[in-house]
Amino acid sequence: MTCQQQNNVRWLPLIIITMIAAIFWYLRQPNGLSVPAWHSTIIFIATIACIVVKVLPIGAVGFIGITVFALVHSSGDTSSADNVKIALSDLNSSLIWLIVVAFMIARGFIKTGLGRRIALLMIRLLGKRTLGLAYGLAFADLILSPAMPSNTARCGGVIYPIADSLARSFDSRPDDASRSKIGTFLVTCIGNVNDVTAAMFMTGYTGNLLAVKLAANAGVTLSWGGWLMASIIPCLISLILIPPLVYWLTKPEIRKTPDAPSIARAELSKMGSISLSEYMMIGTVLLLLVLWIFGSRWGIDPTIAAFVGLSALLLSGVLNWDDVKNEKDAWDTLIWFAALLMMANQLKRLGFTTWFGNLIGNSIGHTMHGTNWIIILILLNAAYFYTHYFFASGNAQIAALYGVFLSVSINLGIPTVPTALMLAFSSSLYCSLTQYTHARGPILFGAGYVPTGVWWRTGFIISLINQAVFLIFGLMWWKVLGLY
């Protein structure tokens, strides 16, 4: 019997990254940095580089990063036990467990069919025109987003299959010119809309929780309700603007879809009446929203609220323990999130983030002395936003650059809360710049509906609109809220 072993390690980039890291390891650290800060920075950058070039899946890279960090005593502690304790310190982070448990709760949308039912209901209500179809899918995504932190699963696993089915029903197929009838528009639209729904809720995207933790390191506390209050106005404006903008940019040949509601009704009829498990799922999500918004008044932490929701789904039988064990994305997130967060926290503790922020901030401050802080914020956010062209992971960029850009803004005297919010929201909004800058991209682009040129052009133009919305209406709204 022959045993076949598949090795998915990309050895060449791994060897190159390791050699470069080793060279820098033995160089003298820059003035103002301690040796532990320098060594931790090298391992952190090497870890991010391995994630970007996809040496291994992100969870595997995170695990190896934790191992190396503890093995070489990066934190400066001489005791092996202390180094291990630091390397594993963020596995008990409440924010990490919030998003891990939220992943498991989101499984209920798919298992019960509730997510698909919601999308079909939206199409039945709004689908008589092509633009109405897009809004129907957008509102379905919006409804699912508070309790579904994997925007890849939400868009690629729930919304895209319905968009694909609709396109094919109008004889718009991905493998020929008929894609331009309606398929290109729908697929392009759901991707760009997904960025906005991810930004609206703290639990709408895994990267949001990472940004929240890094903002806390800078003294900015963002609660679930506070995040929603800050995001709701600019996100709703973007959500209204994006479908007609994509419609104008992609110019679908089919403008009216009178048969779409009947198609949705037929699919709903096949699903049958709403089941008890779907009612339980609806009740659990409503309970979660209440606890996440008002829980602080009753002394209920958001993570405990998520545990309550998952417990309710387990007790009701909507989910079973095998569902929890098999939720691979959740356990994968636990590892890589803990690794990146631990390293980012160590860079803050050891002084690198402050040192680098002061270094860049002093340089920019000298160049732009006397410039209004809003202009500087626009430039900083644009630099952060378009750096994403060089990243294949939104979370990797957040871990690498969010804290640094926030530190720079603090050094320049820009109000901290608006900057923390703007960078956090941009960390969702940049996901559609290209087909490789987010895990959702290969699903949508791989389907074949959207040509590369259309994707890049639309992604760039929508990015400009989203930044304008958040910098104009967002800043005005945050001023009304008294955030600066």
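Cut-off values and rules
Residues numbered from 1 in each chain as written. Predicted model: local features only at pLDDT ≥ 70, side-chain atom pairs only at ≥ 80, totals over all residues. Heavy atoms only, no water. 1 Å grid on protein atoms, 1.4 Å probe; cavity = no way out; pocket = protein on both sides within 12 Å on 5 of 7 lines; lining within 4 Å. Points joined across faces, edges and corners; volume = space filled by probe spheres on them. Helix = DSSP H or I, 4+ residues; strand = E, 2+ residues; numbered from the N terminus. Domains from an automatic or database assignment. Axes fitted to C-alpha atoms, helices over the stretch in contact; angles between N-to-C directions. Left-handed = near helix turned anticlockwise from the far one by under 90°. Contact = heavy atoms within 4.5 Å. Nonpolar A, V, L, I, M, F, W, Y, C, P; charged D, E, K, R; others polar. Core = buried A, V, L, I, M, F, W, Y, C linked by side-chain atoms within 4.5 Å. Buried < 20%, exposed > 50% of the residue type's maximum accessible area, 1.4 Å probe, protein only. Salt bridge = Lys/Arg side-chain N within 4 Å of Asp/Glu carboxyl O. Parallel < 35°, antiparallel > 145°, perpendicular 65-115°, else oblique. Phe/Tyr/Trp six-rings, centres within 6.5 Å; stacked < 30°, edge-to-face > 60°. Buried area = accessible area lost by both parts, 1.4 Å probe.

To continue, consider empty space enclosed by the protein. On inspection of all chains with the given rule, the structure shows two cavities of 30 Å³ or more. Quantified by volume, the largest cavity comes out at close to 60 Å³. As for the largest cavity, its lining consists of Val187, Thr188, Gly191, Asn192, Ser432, Leu444, Val450, Trp455, Thr458 and Gly459. At the level of secondary structure, the elements contributing two or more residues to the lining of the largest cavity comprise helix H9 (183–200) and helix H22 (452–480). In terms of residues, the lining of the largest cavity owes the most to one element, H9, which gives four residues. A domain split of the lining of the largest cavity shows at least three residues from each of domain 1 (11–90 + 332–481) and domain 2 (94–328).

Let's shift gears to the packing of helix H7 (residues 130–144) against H9. Any two packed helices are characterised by the angle at which their axes cross and by the distance between the axes. Contact geometry for H7 and H9: axes closest at 9 Å, N-to-C directions at 35°. Between H7 and H9 the crossing geometry is right-handed. Together, Thr130, Leu131, Leu133, Ala134, Leu137, Ala138, Asp141 and Leu142 of H7 and Phe185, Leu186, Cys189, Ile190, Val193, Asn194, Thr197 and Met200 of H9 make up the contact between the two elements. For the contact of H7 with H9, a count of residues per class yields twelve nonpolar, three polar and one charged.

Let us look at the nonpolar core. For soluble globular proteins, nonpolar side chains are generally found buried alongside one another. Ile398 and Tyr402 are the most contacted members of the largest nonpolar core, which totals 159 residues. No other element matches helix H16 (residues 328–349), which puts twelve residues into this core. Shared between two domains, this core takes at least three residues from each, and those domains are domain 1 (11–90 + 332–481) and domain 2 (94–328). If we ignore the near neighbours within four places in the chain, the residues touching tyrosine 402 are Ala211, Leu214, Ala215, Tyr384, Gln397, Ala420, Leu423, Ala424 and Ser427.

Looking now at the pattern of salt bridges. Using the criterion set out here, one finds ten salt bridges in the structure. Between glutamate 267 and arginine 116 there is a salt bridge, with the nearest N and O atoms lying 2.8 Å from each other. Residue glutamate 267 is found in helix H12 (residues 260–271), and its partner arginine 116 is found in helix H6 (residues 114–126); the two are separated by 151 residues along the sequence. Looking at arginine 116, the relative accessible area reads 35%, which means it is partly exposed.

Our next topic: unusual backbone geometry. Unusually for a residue other than glycine, lysine 54 sits at a positive phi of about 60°. The class for lysine 54 is partly exposed, based on a relative accessible area of 48%. Of note, aspartate 171 is a non-glycine position whose phi angle comes to about 60°, a positive value. Here aspartate 171 shows up in the loop between helix H8 (151–169) and H9.

Packing of helix H3 (residues 58–71) against helix H4 (residues 80–87) brings their axes to within 8 Å, and their N-to-C directions diverge by 150°. In terms of orientation, H3 and H4 fall into the roughly antiparallel class. Crossing hand, H3 versus H4: right-handed. Here Ile66, Phe69 and Ala70 of H3 come into contact with H4, specifically with Asn83, Val84, Ile86 and Ala87. For the contact of H3 with H4, the class distribution of residues is six nonpolar, one polar and no charged.

Turning next to the packing of aromatic side chains. This model, assessed by the stated rule, comprises 19 aromatic pairs. Every member of this aromatic cluster is reached through a ring pair, and the members are Tyr384, Phe385, Tyr386, Tyr389, Phe405, Tyr430, Trp456 and Phe460.

Examined against the element boundaries, glutamate 253 turns out to sit in the loop between helix H11 (224–250) and H12. Look at glutamate 253 and you get exposed, because its relative accessible area is 52%. The sequence separation of glutamate 253 and lysine 181 amounts to 72 residues, and the corresponding C-alpha distance is 4.4 Å. What glutamate 253 contacts, discounting residues up to four positions off in sequence, is Ser180 and Lys181.

As a further point, take the environment of arginine 440. Looking at where arginine 440 falls in the secondary structure, it is placed in helix H21 (residues 440–446). Under the relative-accessibility criterion, arginine 440 is labelled buried at 1%. It is 20 Å that separates the C-alpha atoms of arginine 440 and glycine 108, two residues lying 332 residues apart in sequence.

Turning our attention to the domain arrangement of the protein chain. Interfaces are frequently sized by the accessible area removed from exposure as the parts join. Looking at the assigned domains, one finds that the protein chain contains domain 1 (11–90 + 332–481) and domain 2 (94–328). Its C-alpha centre places domain 1 at a distance of 26 Å from the equivalent point of domain 2. Taken together, the contact between domain 1 and domain 2 spans 55 residues of the former and 60 residues of the latter. Buried area between domain 1 and domain 2, both sides added, is near 4,800 Å², and the carbon and sulfur share of it is 74%. Applying the counting criterion to the domain 1 and domain 2 interface returns zero salt bridges.

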